[in-house]
Amino acid sequence: GVLSYSYDGFFTGQTYSLKCTVQTSSGAEVSVVTEYAQAEQLIGGIETLYKDSADKMMAYANQAYKTAGVSANDYMQQATSFSAALISSYNGDVNAAADATNQAMIDMADNSAKLGTPLESIQMAYQSFSRGQYQLLDNLKLGYGGTKAEMERLLADAEKITGVHYDINELGDVYDAIHVIQGEMGITGTTAEEAASTISGSIGMMKASWQDLLGNLALGNDIYPQMEALAASVIAVIRNVVPAVWNIITGIPRMIIEHWPEILAAVQTTVNNLITYVQSNWPMWVQTVFATIQQIGLAIINGLPG
């Protein structure tokens, strides 16, 4: 994207305004002011819901750029959408609920990264589970349909794996059972792995870490951790992109050598077709050229008196 800084304010005593925006490839702008406004509101929601464990949730949110592939703001926004129900399922134990929330956020990201489902669809499914609705269970692509009976089957399958009983009426149990099934399918940990080893994953991590930097810049927090995270993300992108580019560069000569006969034949065919086209259309082109020259000459002659 395009990074731009612009001073668009004025000084009145010690009052000033500074605007910093990032324009993404889609043309959307992410600004310090936007991230700041969201962060203020979301942090307030985290503190209200998680009370003494709010700091733990903030620590989870600050690592979300690599664990869940989203910015801290996006993490908090999604987490608070089902936090009340999750805390209730843990009988008000906000510490346990914080850990469960973080695991659910990572599970969502892992599912999206592994199975290719849009993250928004998975988030909607998790939100619907918090309301006791299971029509979107098939969004997770775990082999279960969108019904309560299918969710009960998922819980029973998870119980066979762990020996732990999962209650469909307890949201924490539902999320735990999904985590077990995803672990059995090899989905767990996909987001962190892709962030470190794939081009798309590392670019997503870099984007999220940049948004975190913007938010903390406006909040007046120490931005060194976010700068470190951004630097690590950029390094990951470079580390993943360079080998891909090098493979292309080194592959071109080998491709030419291996496919030289086909390439030569294609070039010869193209040249022959071009020659044939020129020969068949040459008279028309000559006539067109001479007619154009004649028209230009007449225009000049007619225009000379003027």
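Just so you know, these numbers come straight off a predicted model, no measurement behind them.

## Description of the overall build of the protein
Along the backbone of the protein there are 13 helices and 3 strands. Here the protein, with 306 residues, has 34% of them falling under the buried criterion. Pairs at least 24 residues apart make up 51% of the contacts formed inside the protein by residues separated by at least 6 positions. As displayed, the protein offers around 17,600 Å² of accessible surface, 60% of which is attributable to carbon and sulfur atoms.

## So, empty space enclosed by the protein
For the structure shown, the criterion picks out 1 cavity of 30 Å³ or more. For the largest cavity, the calculated volume is near 40 Å³. Counting residues per element, the ones that place at least two in the lining of the largest cavity are α6 (94-115) and α7 (119-130). Here the element with the most residues in the lining of the largest cavity is α6; it accounts for 3 residues. Split by residue class, the lining of the largest cavity holds 6 nonpolar, 1 polar and no charged.

## Considering the pattern of salt bridges
Once their charged atoms are close, side chains differing in charge can pair, the charge on each being opposite to the other. Within the structure shown, the criterion is met by 4 salt bridges. Salt-bridge contacts for E150 lead to R153; the nearest nitrogen and oxygen are separated by 2.9 Å. With E150 and R153 both in helix α8 (residues 148-162) and 3 residues apart, this pair spans about one turn of that helix. With its nearest N and O atoms 4.0 Å apart, the salt bridge here joins D157 to R153. Of the two residues, D157 and R153 both sit in helix α8, 4 residues apart, roughly one turn of that helix.

## Some points on the nonpolar core
Residues Y126, F129, L140, M151, L154, Y175 and I178 are the most contacted members of the largest nonpolar core, which totals 50 residues. When contributions to this core are tallied by element, the ones reaching two or more residues are α1 (32-50), α2 (54-62), α4 (72-79), α5 (83-89), α6, α7, α8 and α9 (171-184). The greatest single-element share of this core, amounting to 8 residues, is contributed by α6.

## So, a nonpolar patch on the surface
Taken together, the side chains of I248, I252, M255, I256, W260 and L264 make up a nonpolar region of the molecular surface, amounting to roughly 550 Å² of accessible area. Within the residue set of the nonpolar patch, elements represented by two or more residues are α12 (224-258) and α13 (260-303). If you tally residues by element for the nonpolar patch, the top one is α12, at 4 residues. Mapped onto the elements, I248 comes out in helix α12.

## Let's talk about α6
Across its 22 residues, α6 extends 31 Å between first and last C-alpha, which sits within 8% of the 32 Å expected from 1.5 Å per residue. The N-cap of α6, judged by a side-chain oxygen 3.2 Å from the amide nitrogen of N95 a few residues on, is D93.

## Overview of the environment of D99
Tracing the backbone shows D99 in helix α6. Placed 46 residues apart in sequence, D99 and S53 show a C-alpha to C-alpha distance of 9.7 Å. Every residue in contact with D99, bar those within four places of it in the chain, is listed here: K56 and Y60. Polar contacts involving the side chain of D99 include one to the side chain of K56, which spans 3.1 Å.

## Some remarks on the packing of α2 against α4
Following both chains from N to C, one finds α2 and α4 inclined at 130 degrees, their axes separated by 8 Å at the closest point. Accordingly, the angle class assigned to the pair α2 and α4 is oblique. Note that α2 runs across α4; the crossing there is right-handed. Taking contact as the criterion, the partners of M57, M58, Y60, A61 and N62 in α2 are, on α4, A72, Y75, M76 and A79. For the contact of α2 with α4, the class distribution of residues is 8 nonpolar, 1 polar and no charged.

## A word on the packing of α8 against α9
In contact at an axis separation of 9 Å, α8 and α9 are set at 65 degrees when each is read in the N-to-C sense. Between α8 and α9 lies a crossing of left-handed hand. Where α8 approaches α9, its residues M151, L154, L155, D157, A158, I161 and T162 are matched on the opposing element by D173, V174, A177, I178, V180, I181 and E184. Grouping the amino acids of the contact of α8 with α9 by side-chain chemistry returns 10 nonpolar, 1 polar and 3 charged.

## A short note on the packing of aromatic side chains
Scanning all chains against the criterion turns up 4 aromatic pairs. Both rings, one in F82 and one in Y175, keep their centres 5.4 Å apart while their planes meet at 80 degrees; by these two values the pair is edge-to-face. Taken together, the residues F82 in the loop between α4 and α5 and Y175 in helix α9 connect sequence positions 93 residues apart. Just as F82 is buried, Y175 falls in that class too. When the centroid spacing of 5.8 Å and the interplanar angle of 45 degrees are considered together, the rings of Y126 and F129 count as tilted. Taken together, the residues Y126 and F129, both in helix α7 and 3 residues apart, mark about one turn of the helix. Both residues of the pair, Y126 and F129, belong to the buried class.

Calculation notes
Residues numbered from 1 in each chain as written. Predicted model: local features only at pLDDT ≥ 70, side-chain atom pairs only at ≥ 80, totals over all residues. Heavy atoms only, no water. Helix = DSSP H or I, 4+ residues; strand = E, 2+ residues; numbered from the N terminus. Buried < 20%, exposed > 50% of the residue type's maximum accessible area, 1.4 Å probe, protein only. Contact = heavy atoms within 4.5 Å. Areas by Shrake-Rupley, 256 points an atom, 1.4 Å probe, with all protein chains shown as cover. 1 Å grid on protein atoms, 1.4 Å probe; cavity = no way out; pocket = protein on both sides within 12 Å on 5 of 7 lines; lining within 4 Å. Points joined across faces, edges and corners; volume = space filled by probe spheres on them. Nonpolar A, V, L, I, M, F, W, Y, C, P; charged D, E, K, R; others polar. Salt bridge = Lys/Arg side-chain N within 4 Å of Asp/Glu carboxyl O. Core = buried A, V, L, I, M, F, W, Y, C linked by side-chain atoms within 4.5 Å. Patch = residues over 30% accessible without salt bridge, like charges linked within 9 Å, V, L, I, M, F, W, Y side chains within 5 Å. Expected span 1.5 Å × (residues − 1). Polar contact = N/O pair within 3.5 Å; in protein donor to acceptor, adjacent residues only side chain to side chain. Axes fitted to C-alpha atoms, helices over the stretch in contact; angles between N-to-C directions. Parallel < 35°, antiparallel > 145°, perpendicular 65-115°, else oblique. Left-handed = near helix turned anticlockwise from the far one by under 90°. Phe/Tyr/Trp six-rings, centres within 6.5 Å; stacked < 30°, edge-to-face > 60°.

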